[in-house]
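Structural characterization, general
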Amino acid sequence: MKSTNHILDIALEISDQAAELVRLSSQKIKSFKSKGEVSNLVTQTDIEVDKLIAGKIKESFPEHNVVSEELGSKNLSSEYTWYIDPIDGTNNFVHNYPSFAVSIGVYLRSKPIVGVVYDIPNNEKFFALKDGGSFSNDSKISVSNKDRFSEGLFVTGFIPYDENYIDKNLQVIKNINLNSHGVRRLGAASLDMCHVAKGIVEGFWEYNLQPWDTAAGNIIVTEAGGTVSNENGNQYNFDKCIVVSNNKVHKDFLKIINES
Ligand code: IPD
Ligand code: CA
Ligand code: CA
């Protein structure tokens, strides 16, 4: 059995290569296709980066399962599963809005053990290892100490075409705006989670994310001392709603979401 440290080393190496490919492609004209809805985009770069990452995982861990956004699932009945978002924030990437990342999370059975989120425009690499802490480049990071919800800054995301959740989320946004320092929306869920881990926002929530959006961020937040739950406060297990915080404001955060 490969050690978790070795898995992290390989994940970091792969994220460097993936980030380099995204960077090179950033300088070219980005043609995109819609995956059905007008704002659900995919570029050739998403697919190329996904293939690069899947190929590299296969070289090092041919027996591991891989679940990726653009290539689907390869289930080899391994205890290890890699969740890949080749570009989290594709819409931002297309518009040159500086908030997009490569996100790689590894689970052993149903628990995250390694996470890497590479913020490409800002050249900031977040990573975490089970029981090993969370880092941004070479510095250890931790969630903020703020315990007053009213003094917190929050971030969310939403799928503009998802009618099941849009109204509910607008109501939550309104109530959080009225009861805190405010709400931001940057458009890359993996980075939103890393910003909680780094202590620059107190919380993040979103409806209807996919495993590749959250797998890496999950361990980066928990290793930084934060909490990742569903809307009932139970441990997050790829549920419909994710609620992430510095832990101190979590109770108030859940209350406001559930009462909205
Ligand atoms: C999206 C981003 C966005 C979130 C969406 C995701 P993509 O991922 O993480 O912040 O609001 O729900 O789908 O499509 O750019 O990989
Ligand atoms: Ca994503
Ligand atoms: Ca993506």
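Bear in mind that the values here come from a model prediction, so they are computed numbers and not experimental data.

A short note on the coordination of the calcium ion (ligand 2)
Looking at the metal site, the calcium ion (ligand 2) is ligated by D85 (OD), D88 (OD) and D213 (OD), spaced 2.1 to 2.3 Å from it. Sequence spacing of the donor residues for the calcium ion (ligand 2), all on one chain, is D-x2-D-x124-D. The metal-metal distance between the calcium ion (ligand 2) and the calcium ion (ligand 3) is 3.8 Å, with D85 coordinating both. On the accessibility criterion, D85 (1% relative accessible area) is buried.

Notes on the coordination of the calcium ion (ligand 3)
On the protein side, the calcium ion (ligand 3) has E69 (OE), D85 (OD) and I87 (O) as donor atoms, found 2.2 to 2.3 Å from it. Counting the intervening residues between successive donors of the calcium ion (ligand 3) yields the motif E-x15-D-x1-I. Note on E69: relative accessible area 24%, which makes it partly exposed.

As for the site of ligand 1
Inspection of the region around ligand 1 gives 16 residues, with D88, G89, T90, G187 and E206 positioned closest. Take D88: an N or O atom from its side chain is 2.6 Å from an oxygen atom of ligand 1. The backbone of G89 places a nitrogen or oxygen atom 2.7 Å from an oxygen atom of ligand 1. Burial of ligand 1 by the surrounding chains reaches 86%, relative to a free accessible area of 380 Å². The dominant element in the shell around ligand 1, judged by the number of residues it contributes, is strand β5 (residues 80-88), at 3 residues.

Considerations on the pattern of salt bridges
Counted according to the given criterion, the structure contains 7 salt bridges. Measuring nitrogen to oxygen at the nearest pair gives 2.6 Å for the salt bridge that ties K125 to D16. Here K125 is found in strand β8 (residues 124-129), whereas its partner D16 is found in helix α1 (residues 4-26), with 109 residues between them in sequence. Overall, the relative accessible area of 35% leaves D16 in the partly exposed class. The partner of E20 in a salt bridge is R23, and the shortest N-O contact between them spans 2.9 Å. One end of the pair is E20 and the other is R23, both in helix α1 and 3 residues apart, which spans about a single turn.

A few points about the environment of I47
In this structure, I47 sits in helix α2 (residues 44-60). On the accessibility criterion, I47 (26% relative accessible area) is partly exposed. Expressed as a C-alpha distance, the spacing of I47 and V172, which sit 125 residues apart in the sequence, is 34 Å.

So, the sheet that holds strand β14 (residues 227-229)
In space, the 5 strands of this open sheet follow the order β12-β11-β13-β15-β14, with mixed pairing throughout. Bordering the open sheet on either side are β12 (182-184) and β14, each of which pairs with just one other strand. Direction aside, neighbouring strands of the sheet carry axes that sit 20° apart on average. Its contacts with the sheet put helix α5 (residues 189-197) on β11 (153-156), β13 (203-207) and β15 (241-245), and the angle it makes with β13 is roughly 155°.

Examining the confidence of the model for the chain
Within the chain, residue pLDDT values average 95, and 98% of them lie at 70 or more. The element-level mean pLDDT for the chain is lowest in strand β1 (residues 32-34), coming to 81, with α5 highest at 99.

Re the pairing of β15
In terms of burial, β15 is a largely internal element, 5 of the 5 residues being buried. Alternating positions in β15 separate into two faces, C241, V243 and S245 on one and I242 and V244 on the other, with burial throughout. In the sheet, β13 pairs with β15 via 5 bridges, with the strands oriented antiparallel. Looking across to β15, one finds that G203 is bridged to S245. Note: β14 against β15, 3 bridges, orientation antiparallel. Note that in β15 the partner of V228 across the bridge is V244.

Looking at the pairing of strand β3 (residues 65-68)
Residues N65 and V67 of β3 are buried on one face, and the alternating residues V66 and S68, pointing to the opposite face, are buried as well. Sheet topology places β3 next to β5; 4 bridges connect them, and they run parallel. Looking at the pairing, N65 lines up with T81 of β5. Where β3 meets strand β4 (residues 72-74), 3 bridges bridge the pair, whose relative direction is antiparallel. Bridging across to β4, S68 finds its partner in G72. Linkage of β3 to β4, two consecutive antiparallel strands, is achieved through a turn of 3 residues.

Basis of the calculations
- Residues numbered from 1 in each chain as written.
- Chains lettered and ligands numbered in written order.
- Predicted model: local features only at pLDDT ≥ 70, side-chain atom pairs only at ≥ 80, totals over all residues.
- Heavy atoms only, no water.
- Donors = N, O, S within 2.8 Å, 3.2 Å for Na, K, Ca; no water.
- Buried < 20%, exposed > 50% of the residue type's maximum accessible area, 1.4 Å probe, protein only.
- Near = heavy atom within 4 Å.
- Polar contact = N/O pair within 3.5 Å; in protein donor to acceptor, adjacent residues only side chain to side chain.
- Areas by Shrake-Rupley, 256 points an atom, 1.4 Å probe, with all protein chains shown as cover.
- Helix = DSSP H or I, 4+ residues; strand = E, 2+ residues; numbered from the N terminus.
- Salt bridge = Lys/Arg side-chain N within 4 Å of Asp/Glu carboxyl O.
- Pairing = 2+ DSSP bridges.
- Axes fitted to C-alpha atoms, helices over the stretch in contact; angles between N-to-C directions.
- Contact = heavy atoms within 4.5 Å.
- pLDDT = per-residue confidence, 0-100.

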